[in-house]
Structure formats: C-alpha cells, structure tokens
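Descriptive structure summary
As a plain string of letters, each chain reads:
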Amino acid sequence: MLRIVVGGQIEKNKVAEIIKKIGGEKVSVTIKSDIEAAMAIKTNQADYYFGACNTGGGGALAMAIALLGMGLCATVSMPGKIRSDEEIVKEVESGKKAFGFTPQHAEQVIPVIMNKILK
C-alpha cells in the first residue's frame, strides 16, 4: 500500500479526496501540516507528498524543498501553466516524491501522478 501525505496551504481535503478516488484500497492518505508531511517523507513514514497553493510551488512545496531538497520535489502546475503529462511522468520516473500544484489544476495533474505511481 502506498502511503501518501497531503500538505500544502489550501484545498487539502479536495486533494485527498481525488487521491483516494483514484487509489482506492491501494493507498492510505493522511492530511498533515506542511512540516509534518515533509517529515513523513524524510523519515520514510510516507511514500509521496502532494500539496496545493496559489502558486503551485511556494506554500505547496516550501517545507518539502527545505527538508527533502529540490531534487525530490517538482512543481507540476502554476497559475496559467500546467506541465504536460509527459513532463509530469518524467518527474515521477526521475524519483521525485513531493509534488506541488495549484488547486484549480488538481483534477488534471493528480491523476497523471497517481496513474504512474500505481503502476
């Protein structure tokens, strides 16, 4: 079972619901504060971090970047720009564990990430 934590600044319940809908019984989803969620990844208590904020990278990933390093984090959407499915898949394939996005893009980017990590 994949252990997923939801951090970020806004729309945590929405993000968690989308993940649960896609992952079903293959995932456990826990909503945490940013620092708790990032620490869960760092201490191997969770496998992936999802976070939303108005910029897609600031409040969504600030603590994850600080604790995990930029090498494990990816901004997959920002205001006015969503990365392509191929770019998002490459981020997962490269070993990224923390993903940030804007809440208005959650329903577009979360399925791409989830479908790749559930394979």
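This text follows the structure it describes.
Residues numbered from 1 in each chain as written. Predicted model: local features only at pLDDT ≥ 70, side-chain atom pairs only at ≥ 80, totals over all residues. Heavy atoms only, no water.

**A word on the sheet that holds strand 7 (residues 98-101)**
Let me state the cut-off plainly: Here a strand pair is declared whenever DSSP counts at least two bridges between the two strands. Strands are runs of DSSP state E lasting at least two residues, helices are runs of H or I lasting at least four, and both sets are numbered from the N terminus onward. For helices, the fitted axis covers only the stretch in contact; all axes are lines through C-alpha atoms, and the angles between them, taken along N-to-C directions, range from 0 to 180 degrees.
Taken in spatial order, the five strands make up an open sheet running 2-1-3-7-4, and their pairing is parallel. Edge positions in the sheet fall to strand 2 (27-31) and strand 4 (73-75), since each of these pairs with one other strand and no more. Going across the sheet, the axis of each strand differs from the next one's by a mean of 20 degrees, ignoring polarity. With four bridges connecting them, strand 3 (residues 48-52) and strand 7 associate as parallel partners. Considered in strand 7, the bridge of alanine 52 is made with phenylalanine 101.

**What to know about the pattern of salt bridges**
We count it as follows: Salt bridge criterion: a side-chain nitrogen from Lys or Arg within 4 Å of a carboxyl oxygen from Asp or Glu.
One pass over the structure, following the stated rule, counts four salt bridges. Where aspartate 47 meets arginine 3, a salt bridge forms, and the shortest distance between an N and an O atom there is 3.0 Å. With aspartate 47 in the loop between helix 2 (34-42) and strand 3 and arginine 3 in strand 1 (residues 2-8), the pair connects residues that are 44 residues apart, well separated along the chain. Residue glutamate 91 pairs with arginine 83 through a salt bridge whose shortest N-O separation is 2.7 Å.

**Looking at the pairing of strand 2**
The line we're drawing: Whether a crossover is right-handed comes down to one check: with the strands pointing away from the viewer, does the path from the first strand over the helix to the second run clockwise; if it does, it is right-handed.
Sheet topology note: the strand 1/strand 2 ladder contains five bridges and is parallel. Bridging across to strand 2, valine 5 finds its partner in threonine 30. Since strand 1 and strand 2 lie parallel, the crossover through helix 1 (residues 12-23) that links them has a hand, and here it is right-handed.

**Points about the packing of aromatic side chains**
Aromatic ring pairs are defined here through the distance separating the ring centres and the angle between the ring planes. Counted only if it meets this: Each Phe, Tyr or Trp ring, with Trp reduced to its six-membered ring, pairs with another whose centre is within 6.5 Å; inter-plane angles below 30 degrees give stacked pairs, above 60 give edge-to-face pairs, and intermediate values give tilted ones. Criterion for a charge above a ring: Lys NZ or Arg CZ within 6 Å of the ring centre, and within 35 degrees of the ring normal.
Throughout the structure, instances matching the rule amount to three aromatic pairs. Centre to centre, the rings of phenylalanine 50 and phenylalanine 99 are 6.0 Å apart; their planes meet at 45 degrees, and the pair counts as tilted. With phenylalanine 50 in strand 3 and phenylalanine 99 in strand 7, the pair connects residues that are 49 residues apart, well separated along the chain. Through successive ring pairs, a cluster of aromatic residues spans Tyr48, Phe50, Phe99 and Phe101. When the ring centre of tyrosine 48 is taken as origin, the NZ or CZ atom of lysine 97, which lies over that ring, is 4.8 Å away.

**Things to note about the pairing of strand 1**
What counts, and what does not: Throughout this description, buried means an accessible area under 20% of the type-specific maximum (1.4 Å probe, protein chains only), exposed means over 50%, and partly exposed covers the range between.
Burial analysis of strand 1 places six of its seven residues in the buried class, the great majority of the element. Taken together, the five bridges between strand 1 and strand 3 define a ladder with parallel strand orientation. What sits directly across from valine 5, in strand 3, is tyrosine 49.

**A few points about the side chain of threonine 102**
The following threshold applies: Should any heavy atoms of two residues lie within 4.5 Å, those residues are considered in contact.
Topologically, threonine 102 is positioned in the loop between strand 7 and helix 5 (106-117). Judged by its relative accessible area of 0%, threonine 102 falls in the buried class. For threonine 102, the contacting residues outside a window of four places in its chain are Cys53, Asn54, Thr55, Gly56, Ser77, Met78 and Pro79.

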